[in-house]
There are 2 protein chains.
Amino acid sequence: MSNPIELSPSAMRIADVAQALVQNVGYNGFSFEHISQAVGMRKASIHHHFSTKVDLGVAVVQRYTREFEQALLQVRNASESAPTRLLAYADLFETTFKNNQHLCVCGMLGAESNSLDAALNTEVKRFFQTNLDWLSGVIQEGIARGSLRSQHDANTLAETLLSLLEGAMLVGRSVAAPIGPRRASEVFLAGIVC
Amino acid sequence: MSNPIELSPSAMRIADVAQALVQNVGYNGFSFEHISQAVGMRKASIHHHFSTKVDLGVAVVQRYTREFEQALLQVRNASESAPTRLLAYADLFETTFKNNQHLCVCGMLGAESNSLDAALNTEVKRFFQTNLDWLSGVIQEGIARGSLRSQHDANTLAETLLSLLEGAMLVGRSVAAPIGPRRASEVFLAGIVC
DNA sequence: GTCTATACTTGGATAGAC
DNA sequence: GTCTATCCAAGTATAGAC
């Protein structure tokens, strides 16, 4: 279920709108009525494609994670050194945030996690673990090759960077001229690049 | 309005429960009914103390910000150097997070900000600005005294650290053994302490 | 696949007795 | 200050026609 190929055009439009709503107002901040209006369909029609709100949320996160995984592969291929890769990674978040100050889907759901269905939290954890694993790998390689240096291990640095990216988007929503996730990453990386 | 001295004992209990709910499930994740059950009072009685949910939310944030300001004064007085002060500051968030993985009140509300009443967002922005101003001052002083060093200015470093702290709590909710805001700060500060 | 209609529940808020 | 009772709107979900 929720294989991207299996999503009909209507289901895709619904998922698009639902994702934007999650990134904008959060899972608890939107209803089927909001989707209905944005997509030009009645509430009952939404239920035809996603029987429950949880189903819709799970589909959105799974698709989001899949697309993120594709981006991770591209970042690895397009750049050589660890610092360059990490900045390209930060730009994924920068692009998201520049789009109407959207938060990361899983950043938003992570904040709301204590009020979400277990099925949703499972997907959110998977997203974060995937990102932490990828970051740890890139950082570990950077340390081994001498482009990065720190007294802390790769896993710790990975979680620190991911936390910084998510937090920069969150805080950025409430300050007048936010530095944004890209620049925040530059500040952090300045302390560990060689 | 919302002066702490003016809060009756019942209003205090309601505000306590409301704050914990915000930090746990978010503003959009709780209702007057939840408060009613936790505090052992009927919904109508809650409305007697806070006429609307927005009023209650504003009172919670204002009180939270005031208490945070007190803590900032104490941190300044209790520690000398900028690095020590910043770690003591990080411990404010560490303590919050260790309490049942509670998020910062304004971290949560910041995530939800696009669905909140303007009166609430005003208070959230004030909280962040207060923290950024305090951090910038401490960092600026640290740079001037030679205990901190960076190619970035104090304001940028302040927003980076605050973002990291908020993000560490958010991400920490979705990982098995989170490093937490305190340790995340240590990782970042390692790159700018002399 | 989409619609109308509707059932059922919850949420925010008010009136008025005690 | 707290209660019961109630209103109205919104939210999730289903039934059944087209």
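Placed above this text is the structure.
Scope of this entry: the structure provided in the associated data block.

Attention now moves to the overall build of chain A. If you tally the helices and strands in chain A, you get nine helices and zero strands. Start at the N end of chain A and walk to the C end: the helices and strands fall as α-α-α-α-α-α-α-α-α. On C-alpha atoms alone, chain A measures out to a radius of gyration of 18 Å, which is about the 16 Å that the 2.2 N^0.38 rule sets for 194 residues. If you line up chain A on its principal axes, its C-alpha atoms span 55 × 40 × 30 Å. For chain A, the residues scored as buried account for 55% of the 194 residues in total. Pairs at least 24 residues apart make up 71% of the contacts formed inside chain A by residues separated by at least 6 positions.

In this section: the pattern of salt bridges. Side chains that differ in sign of charge can pair as their charged atoms come close. For the coordinates displayed, the defined rule picks out 16 salt bridges over all chains. Note that Glu141(B) is salt-bridged to Arg85(B), the shortest N-O span being 3.7 Å. Pair noted here: Glu141(B) is in helix H7 (residues 118-145) and Arg85(B) is in helix H5 (residues 82-98), with a separation of 56 residues, a long-range link. Asp91(B) is the partner of Arg182(B) in a salt bridge, and the nearest nitrogen-oxygen pair spans 2.9 Å. Taken as a pair, Arg182(B) in helix H9 (residues 180-189) and Asp91(B) in helix H5 lie far apart in primary sequence, 91 residues in all. Its relative accessible area of 26% is what places Arg182(B) among the partly exposed residues. The network of salt bridges with common partners includes Arg76(A), Arg85(A), Glu141(A) and Arg145(A).

Before going further, it helps to examine the protein's contact with DNA strand D. Around DNA strand D, 17 residues are found, and the nearest of them are Phe32(A), Lys43(A), Arg42(B), Ser45(B) and His49(B). A breakdown of the atoms of DNA strand D within 4 Å of the protein gives sugar and phosphate a share of 60%. At 2.9 Å from a phosphate oxygen of DNA strand D is found a main-chain nitrogen or oxygen belonging to Phe32(A). Here a base nitrogen of DNA strand D and a side-chain polar atom of His47(A) are 3.4 Å apart.

Our next topic: the side chain of Thr96(B). The residue Thr96(B) is located in helix H5 in this model. For Thr96(B), the residues in contact, after removing those within four places along its chain, are Gln23(B), His102(B), Leu103(B), Cys104(B) and Met169(B).

Contact with chain B, which involves 44 residues of that partner, is made by 44 residues of chain A. Regarding the contact of chain B and chain A, the summed buried area is about 3700 Å², with carbon and sulfur atoms giving 65% of it. Considering only the side of chain B, the residues that lose the most area to chain A are Glu159(B), Leu170(B) and Ser174(B), jointly responsible for 16% of the buried surface there. Inspection of the region where chain B meets chain A yields zero salt bridges. Where chain B touches chain A, the interface holds six residue pairs in polar contact (both at pLDDT 80 or more). Put simply, the parts of the chain that give the side of chain B that touches chain A at least two residues each are helix H1 (9-25), helix H6 (105-111), H7, helix H8 (154-172) and H9 of chain B. Considering every element that reaches the side of chain B that touches chain A, the biggest residue donor is H8(B), with twelve residues. For the side of chain B that touches chain A, the class distribution of residues is 21 nonpolar, 17 polar and six charged.

What counts as what
- Residues numbered from 1 in each chain as written.
- Chains lettered and ligands numbered in written order.
- Predicted model: local features only at pLDDT ≥ 70, side-chain atom pairs only at ≥ 80, totals over all residues.
- Heavy atoms only, no water.
- Helix = DSSP H or I, 4+ residues; strand = E, 2+ residues; numbered from the N terminus.
- Rg over C-alpha atoms; globule rule 2.2 N^0.38 Å.
- Buried < 20%, exposed > 50% of the residue type's maximum accessible area, 1.4 Å probe, protein only.
- Contact = heavy atoms within 4.5 Å.
- Salt bridge = Lys/Arg side-chain N within 4 Å of Asp/Glu carboxyl O.
- Near = heavy atom within 4 Å.
- Polar contact = N/O pair within 3.5 Å; in protein donor to acceptor, adjacent residues only side chain to side chain.
- Buried area = accessible area lost by both parts, 1.4 Å probe.
- Nonpolar A, V, L, I, M, F, W, Y, C, P; charged D, E, K, R; others polar.

Worth remembering: the numbers are spatial, not functional.
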